[in-house]
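Single-letter residue listing:
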Amino acid sequence: MYKISTFDNKLCHVLRHHLDLAGNDCGIPYSIWSFSPATRWNVIYEFFTNKPMCQAALFPLIYWMVLFISIWGTIRSIIEFIGRLGVKDKGIVLWRQRSYNMLTLSMLCKCRLVGAFVMFHIWLLLSYGIMTVSPHYMIPWLTINLVTMLFEMITWLLNLSLGQTKMDLHTVCSILLPFAFHWLVACVRNVFRNAIDMKDLDKLRLWPIFK
């Protein structure tokens, strides 16, 4: 075993330094000068989407939970969009209270209308991607949700540090739950990608028509 490991290490060394052909199997070499953001992001992404709960035994629960929430998000977005059409200055109800002192109620309603329209399409793409095992359709939702979560987190931390808001259970849950669901969606997408690479999609399709 020691000799085989030594041979593998030497082979990786030759491939990396002399032929520039080393792949992922040889691992990432330690260096104080390598600041590749893409590589670091891939390592973090793989860690959170593969460990410790994104396993085959728990995947059915994760899949159906993500599918149900995505369909619920699609329905809720279209209902909100239709409900705001032709209605001026309708009150805005938010799960977590926010203050927008620079915008009037009319402008907020218009922004909410556009946001509901955009989110309807993003939720719809997510639902379609889950039902058809198409991970690329899940990227828009993951991207928008990640940007929104980071913005919400930074804003909340700033308000908390300035004493403009207080830490309570409701606020913490409103911050953490989107992160949890984002992880679940990323888990499903990662499983889909691996299944596509291995050409093993039969047990991931809802209906045979989606081939």
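Residues numbered from 1 in each chain as written. Predicted model: local features only at pLDDT ≥ 70, side-chain atom pairs only at ≥ 80, totals over all residues. Heavy atoms only, no water.

Let's talk about the nonpolar core
Here's step 1: Ranked by size, the top nonpolar core spans 25 residues in total, and within it Val66, Trp141, Val185, Val188 and Phe192 carry the most contacts.
Here's step 2: The set of elements that each furnish at least two residues to this core consists of helix H3 (59-84), helix H4 (105-131), helix H5 (139-161) and helix H6 (169-198).
Here's step 3: Beyond its immediate stretch of four places on either side in the chain, Val66 contacts Ile130, Phe181, Leu184, Val185 and Val188. (Core = buried A, V, L, I, M, F, W, Y, C linked by side-chain atoms within 4.5 Å. Buried < 20%, exposed > 50% of the residue type's maximum accessible area, 1.4 Å probe, protein only. Helix = DSSP H or I, 4+ residues; strand = E, 2+ residues; numbered from the N terminus. Contact = heavy atoms within 4.5 Å.)

Digging into the packing of aromatic side chains
Here's step 1: The full count for this structure, using the stated rule, is eight aromatic pairs.
Here's step 2: Ring centres 6.1 Å apart and planes at 45 degrees place the aromatic pair Phe59 and Tyr63 in the tilted group. Of this pair, Phe59 and Tyr63 are both found in helix H3, four residues apart, which corresponds to roughly one turn of the helix.
Here's step 3: Within the aromatic cluster, the residues linked to one another by ring pairs are Phe59, Tyr63, Trp64 and Phe192. (Phe/Tyr/Trp six-rings, centres within 6.5 Å; stacked < 30°, edge-to-face > 60°.)

Observations regarding the packing of H5 against H6
Axis angle and axis distance: for two packed helices, these are the angle between their axes and the distance between the axes, and together they describe the pair.
Here's step 1: H6 packs onto H5 with a crossing angle of 155 degrees between their chain directions and a minimal axis gap of 10 Å. Between H5 and H6, the angle falls in the class roughly antiparallel. Remark: the crossing between H5 and H6 carries left-handed chirality. Contacts from Ile139, Trp141, Leu142, Asn145, Leu146, Met149, Glu152, Met153 and Trp156 of H5 reach H6 at Thr171, Ile175, Pro178, Phe179, Phe181, His182, Val185, Ala186 and Arg189.
Here's step 2: For the contact of H5 with H6, a count of residues per class yields 13 nonpolar, three polar and two charged. (Axes fitted to C-alpha atoms, helices over the stretch in contact; angles between N-to-C directions. Parallel < 35°, antiparallel > 145°, perpendicular 65-115°, else oblique. Left-handed = near helix turned anticlockwise from the far one by under 90°. Nonpolar A, V, L, I, M, F, W, Y, C, P; charged D, E, K, R; others polar.)

So, the side chain of Asn145
Here's step 1: Note that Asn145 resides in helix H5.
Here's step 2: Aside from chain neighbours lying at most four places away, what touches Asn145 is Pro178 and His182.

Looking at H3
Three or four residues apart is the spacing at which side chains of an α-helix point the same way, because the helix has 3.6 residues per turn.
Here's step 1: Given a rise of 1.5 Å per residue, 26 residues ought to cover 38 Å, and the 37 Å separating the end C-alpha atoms of H3 matches this to within 8%.
Here's step 2: What H3 keeps buried is the set Phe59, Ile62, Tyr63, Val66, Leu67, Ser70, Gly73, Thr74, Ser77, Phe81 and Arg84. (Expected span 1.5 Å × (residues − 1).)

Topic: the confidence of the model for the chain
Here's step 1: On average, residues of the chain score 75 in pLDDT, and 62% of them reach the 70 mark or higher.
Here's step 2: When mean pLDDT is taken per element in the chain, H3 scores highest with 90 and helix H1 (residues 2-19) scores lowest with 51.
Here's step 3: Confidence drops under a pLDDT of 50 for residues 1-7, and excluding neighbours within four residues, the segment shows zero contacts in the predicted structure. (pLDDT = per-residue confidence, 0-100.)

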